[in-house]
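Now for the letters of each chain:
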Amino acid sequence: QVQLAESGGGLVQPGGSLRLSCAAAGSISSIATMGWYRQAPGKQRELVAFITATDTTNYADSVKGRFTISRDNAKSTVTLQSISLKPEDTTVYYCFADHKRGPDYTAWGQGIQVTVSS
């Protein structure tokens, strides 16, 4: 069992930066890939970025070059550093942790709001 706690969202001006953190608790050794989705109301869910247990990273084209995902040495916290934020980045971001058992055991954060506006 894995629980995820998100932090770091909020309001930022266009062109600004923000850092999202996702702390995992519970059965840390069972976690494989961790990352972030985002989904605005009524819109398609988008995979923003992920990082594997071996620190391989991947980014959506919409955030590539602006967002950086990283993981601590204990593999318990994943961080999404964002720069050059745009109004279209405004939405709710959800942390996820894939479980080694399979997709039915994926853990999800509650969601954290990011608003990019002047």
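Residues numbered from 1 in each chain as written. Predicted model: local features only at pLDDT ≥ 70, side-chain atom pairs only at ≥ 80, totals over all residues. Heavy atoms only, no water.

Here we come to the state of the cysteines. Scanning the entire structure with this criterion turns up 1 disulfide. The disulfide partner of Cys-22 is Cys-95, and the S-S distance across this bridge is 2.0 Å. Its S-S torsion of about -90 degrees marks the bond between Cys-22 and Cys-95 as left-handed, since a negative value means left-handed. Taken together, the residues span a long stretch of sequence, with Cys-22 in strand β3 (residues 18-26) and Cys-95 in strand β9 (residues 91-99) at a distance of 73 residues. The burial state of Cys-22 is the same as that of Cys-95; both residues are buried. (Disulfide = S-S within 2.5 Å. Helix = DSSP H or I, 4+ residues; strand = E, 2+ residues; numbered from the N terminus. Buried < 20%, exposed > 50% of the residue type's maximum accessible area, 1.4 Å probe, protein only.)

This brings us to the nonpolar core. The biggest cluster of nonpolar side chains holds 28 residues, and the ones touching the most others in it are Leu-4, Met-34 and Trp-36. Sorting the residues of this core by element identifies β1 (2-7), β3, β4 (31-39), β5 (46-51), β7 (67-71), β8 (77-82), β9 and β11 (112-116) as the ones contributing at least two each. At 4 residues, the largest contribution of residues to this core is made by β3. Apart from the residues lying within four places of it in its own chain, the contact partners of Leu-4 are Cys-22, Ala-23, Ala-24, Met-34, Cys-95, Phe-96, Ala-97, Ala-107, Trp-108 and Gly-109. (Core = buried A, V, L, I, M, F, W, Y, C linked by side-chain atoms within 4.5 Å. Contact = heavy atoms within 4.5 Å.)

Looking now at the sheet that holds β1. Each strand in a sheet pairs with its neighbour through backbone hydrogen bonds, running either in the same direction (parallel) or in the opposite one (antiparallel). The 4 strands lie next to each other as β1-β3-β8-β7, forming an open sheet whose pairing is antiparallel. In the strand order of this sheet, the two ends are held by β1 and β7, each with one partner. For this sheet the average axis-to-axis angle between neighbouring strands, irrespective of direction, equals 15 degrees. Bridging between β7 and β8 involves 5 bridges; their strand directions are antiparallel. What sits directly across from Ser-70, in β8, is Thr-79. (Pairing = 2+ DSSP bridges. Axes fitted to C-alpha atoms, helices over the stretch in contact; angles between N-to-C directions.)

Moving on to the pairing of β1. Of the two faces of β1, only one is covered, namely that formed by Val-2, Leu-4 and Glu-6; the face formed by Gln-3, Ala-5 and Ser-7 stays uncovered. Two elements, β1 and β3, share 6 bridges in a ladder whose sense is antiparallel. Residue pairing across strands places Ala-5 opposite Ala-23, the latter belonging to β3.

With respect to the helices, strands and loops of the structure, Ala-23 is situated in strand β3. The spatial distance from the C-alpha of Ala-23 to the C-alpha of Ser-7 is 8.5 Å, given a sequence separation of 16 residues. Contacts of Ala-23, omitting those with residues within four sequence positions, involve Gln-3, Leu-4, Ala-5, Ser-76 and Thr-77.

Here we come to the side chain of Arg-66. For Arg-66, the position within the fold is in the loop between β6 (57-59) and β7. Owing to a relative accessible area of 11%, Arg-66 belongs among the buried residues under this scheme. A polar contact is formed between the side chain of Arg-66 and the side chain of Asp-89, at a distance of 2.8 Å. With sequence-adjacent residues up to four places away left out, Arg-66 is seen in contact with Gln-81, Ser-82, Ile-83, Ser-84, Leu-85, Lys-86 and Asp-89. (Polar contact = N/O pair within 3.5 Å; in protein donor to acceptor, adjacent residues only side chain to side chain.)

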